[in-house]
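Single-letter residue listing:
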Amino acid sequence: MIIYDDEVFKMACDQFQVIADYLNIDPNDRDRLMYPKRAVAVTLPVHMDDGSTKTFQGYRVQHHLTLGPTKGGTRFAPSLSMGETAALAMWMSWKCALSNLPYGGAKGGVAVDPSKLSRRELEALSRRYMQEMIPFVGPHTDIMGPDMGTNEQVMAWFMDTYSVYQGYSVSEIVTGKPVAIGGTEGRREATGRGVVYLIERAMNILKIDPEKCTAIVQGFGNVGSVAALSLAYKSGVKIVGLSDHTAAIYNPKGIDVKAAEQHIFKKGHLKAFDQENHVDPNKLLTMKCDVLIPAAVDRVITEKNAAKLQCRILAEAANGPTTPGADLILEQRWDEIFVIPDILCNAGGVIVSYFEWVQGLQSFRWTEMEVTDKLFRILEHSFAQVIKRAKEHKISHRTAAMAIGVERVLKAKKVRGLFP
Ligand code: GLU
């Protein structure tokens, strides 16, 4: 389909076909499962600080509506396209289904570099985006959340804009909001916490001691920073590699992650941090470590570097970091590298978003302990199912995770039937 014409969408489709073949899905059901149900493109005119008016392109893709409303993050990134948004929405579908959340997948966003906007411009763009989306979203239709390039403040502007148009507060329209306006305790940390929980489970299976382990974290946004800090200061793992979009650092003696966080807080990036240990960002992923955590963008582990990875655990905190070509290589290396696939590894975010939505609908307040405890229980269940299925069917962890997700959506579509 021409509107989704994009490399990332093609990758998501290729991954789906692998699963469809493994599950022996009837060709008549494949397109129905794979293509997004709805896709919206909007043009967003914004008054810039210099007096000019600039237009931005915004998107929202709702992948399937079979199990409940759609759910997914909002990405502000310069290269965002309809195809990439559709791929991310498709992954959200399998992710939500694997965790048994009553949602279809969605994703949206704006093609923009948010770091180039003033705070006023960012607010104007965020509000305009939500305003244009009002006819297509709702607490029982499609619930937005955060993703790369957006944060709690952007979610607050979304919630406020939607609420102003309704005439009353609708906190359930977005998740990842500040706690002060109905956000949940533990949402900001949820994805990173989930990543670390699953890494510790993998270490447990492999019988390796976290205190003797090293890790490389690619990306120091919300997910990467929470994961790195928690691994370093709670699990006792030595962080030997760290990067953001401006620099990559590798130090076998260990990196002071708190100092890196402080540096980013002050400067906004890692560029001038620990300069004597800077390395080629392309080489960081193939350097020696026990745990490799891609927590940035998609397609960073490819057929070019998959054979060179030197880790024991690959924890996919980003969405779509590994290409299907790389997967074939990793399948050969199954006894060397334990893969925690993205739709399992980073599911903590949407799971706690679900808790936030449920609390909002019922005007409830859970404590951080309740939230984290429930999060770990869901992750534990999914993790156990994936490992069991992979073992029994001699398939990769990714195939097992995706198969569980795809199967649940297919079953629901079958039992609901095709109308008319
Ligand atoms: N952006 C997150 C993801 O990719 C979560 C989105 C949400 O909380 O709705 O899973």
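Residues numbered from 1 in each chain as written. Predicted model: local features only at pLDDT ≥ 70, side-chain atom pairs only at ≥ 80, totals over all residues. Heavy atoms only, no water.

Undergrad: Which parts of the structure should I look at to understand the overall build of the protein?
TA: When its secondary structure is counted, the protein shows 14 helices and 11 strands. For 420 residues, the compact-globule formula gives about 22 Å, and the C-alpha radius of gyration of the protein, at 21 Å, lands near that figure. With respect to the principal axes defined by its C-alpha atoms, the protein has extents near 55 × 55 × 45 Å. Within the protein, buried positions represent 58% of all 420 residues. Long-range pairs, those at least 24 residues apart, make up 70% of the contacts in the protein with a sequence separation of at least 6. Put simply, the protein shows about 18,200 Å² of open surface, and 53% of that area lies on carbon and sulfur atoms. Separation between the mean location of the 50 positive side-chain charges and that of the 47 negative ones in the protein comes to 2 Å. (Helix = DSSP H or I, 4+ residues; strand = E, 2+ residues; numbered from the N terminus. Rg over C-alpha atoms; globule rule 2.2 N^0.38 Å. Buried < 20%, exposed > 50% of the residue type's maximum accessible area, 1.4 Å probe, protein only. Contact = heavy atoms within 4.5 Å. Areas by Shrake-Rupley, 256 points an atom, 1.4 Å probe, with all protein chains shown as cover. Lys, Arg positive; Asp, Glu negative; His and termini not counted. Charge placed at Lys NZ, Arg CZ, Asp CG, Glu CD.)

Undergrad: So what exactly am I meant to see when it comes to the packing of aromatic side chains here?
TA: How two aromatic rings sit relative to each other is given by the distance of their centres and the angle of their planes. Considering all chains together, one arrives at 11 aromatic pairs under this definition. The rings of Y103, Y354, F355, W357 and W366 are connected pair by pair, giving a single aromatic cluster. Above the ring of Y233, the side-chain terminus of K258 is found at 4.2 Å from the ring centroid. Over the aromatic face of W366 sits the side chain of K374, whose NZ or CZ is 4.8 Å from the ring centroid. (Phe/Tyr/Trp six-rings, centres within 6.5 Å; stacked < 30°, edge-to-face > 60°. Lys NZ or Arg CZ within 6 Å of the ring centre and 35° of its normal.)

Undergrad: Help me out: how do you make sense of the site of the ligand in this one?
TA: Around the ligand, the structure places 15 residues, and the nearest of them are K71, K95, P146, D147 and S353. N319 has a polar side-chain atom sitting 3.1 Å from an oxygen atom of the ligand. Every element with two or more residues in the shell around the ligand is listed here: strand 3 (70-77), helix 3 (82-98), strand 5 (142-146) and helix 12 (348-362). (Near = heavy atom within 4 Å. Polar contact = N/O pair within 3.5 Å; in protein donor to acceptor, adjacent residues only side chain to side chain.)

Undergrad: Sorry if this is basic, but what is going on with the pairing of strand 7 (residues 238-243) here?
TA: Side chains on a regular strand alternate between the two faces of the sheet. Of all the six residues making up strand 7, five are buried; the element is thus mostly covered by neighbouring parts of the structure. Pairing between strand 6 (residues 214-218) and strand 7: five bridges, direction parallel. The residue of strand 7 that forms the bridge with I216 is G241. Crossover connection from strand 6 via helix 7 (residues 222-235) to parallel strand 7: handedness right-handed. Following strand 7, the chain reverses through four residues before pairing antiparallel with strand 8 (residues 248-250). (Pairing = 2+ DSSP bridges. Right-handed = clockwise from strand over helix to strand, strands pointing away.)

Undergrad: I keep staring at the packing of helix 7 against helix 8 (residues 257-267) and nothing clicks. Help me out?
TA: Two quantities define a packed helix pair, namely the angle between the helix axes and the distance between the axes. Relative to each other, helix 7 and helix 8 sit at 150°, their axes nearing to 9 Å. Classified by the angle between their axes, helix 7 and helix 8 sit roughly antiparallel to one another. For the pair helix 7 and helix 8, contact is made by A228, L229, A232 and Y233 and by V257, K258 and E261, respectively. By residue class, the composition of the contact of helix 7 with helix 8 is five nonpolar, no polar and two charged. (Axes fitted to C-alpha atoms, helices over the stretch in contact; angles between N-to-C directions. Parallel < 35°, antiparallel > 145°, perpendicular 65-115°, else oblique. Nonpolar A, V, L, I, M, F, W, Y, C, P; charged D, E, K, R; others polar.)

Undergrad: What am I meant to see in unusual backbone geometry here?
TA: In terms of backbone geometry, most residues other than glycine have negative phi values and most peptide bonds are trans. Residue P420 follows F419 across a cis peptide bond; omega there is 0°. Phi is positive for N100, which is not a glycine, with a value near 60°. Checked against the element boundaries, N100 lands in the loop between helix 3 and strand 4 (104-111). Residue N100 is classed as exposed on the basis of its relative accessible area, which comes to 54%.

Undergrad: Can you help me understand the state of the cysteines in this one?
TA: Put plainly, two cysteines are in a disulfide when a covalent bond ties their sulfur atoms together. In this structure the tally under the stated criterion is zero disulfides. Between C13, a free cysteine, and C96, which holds the nearest cysteine sulfur, the sulfur-to-sulfur gap is 18 Å. When its relative accessible area of 10% is taken as the criterion, C13 is described as buried. Free of any disulfide, C311 has its nearest cysteine sulfur in C289, 5.3 Å distant. (Disulfide = S-S within 2.5 Å.)

Undergrad: Quick question: what am I supposed to make of the pairing of strand 2 (residues 53-62) here?
TA: In terms of strand pairing, strand 1 (residues 38-47) meets strand 2 through 10 bridges, oriented antiparallel. Of the residues in strand 2, the one forming a bridge with A39 is V61. Linking strand 1 to strand 2, which pair antiparallel, is a turn of five residues; within it G51 sits at a positive phi near 95°. With five bridges joining them, strand 2 and strand 4 adopt antiparallel strand pairing. Its bridge partner lying in strand 4, R60 is registered against G108.

Undergrad: Would you mind going over helix 14 (residues 397-416) with me for this structure?
TA: Its 20 residues place the ends of helix 14 29 Å apart at the C-alpha level, agreeing with the 28 Å of an ideal helix rising 1.5 Å per residue. Of all the 20 residues making up helix 14, 14 are buried; the element is thus mostly covered by neighbouring parts of the structure. G417 sits one or two positions beyond helix 14 and adopts a positive phi of about 85°. (Expected span 1.5 Å × (residues − 1).)

Undergrad: I tried to follow the sheet that holds strand 9 (residues 291-294) on my own but got confused; where do I start?
TA: Pairing between sheet strands relies on hydrogen bonds along the backbone, with the strands arranged either parallel or antiparallel. Pairing in this open sheet of six strands is mixed, and the strands run 8-7-6-9-10-11 from one edge to the other. The open sheet terminates on both sides in strands that have one partner only, identified here as strand 8 and strand 11 (338-340). In this sheet, adjacent strand axes meet at a mean angle of 15° when their direction is disregarded. Pairing between strand 7 and strand 8: three bridges, direction antiparallel. In the sheet register, S243 faces strand 8, and the bridge partner there is A248.

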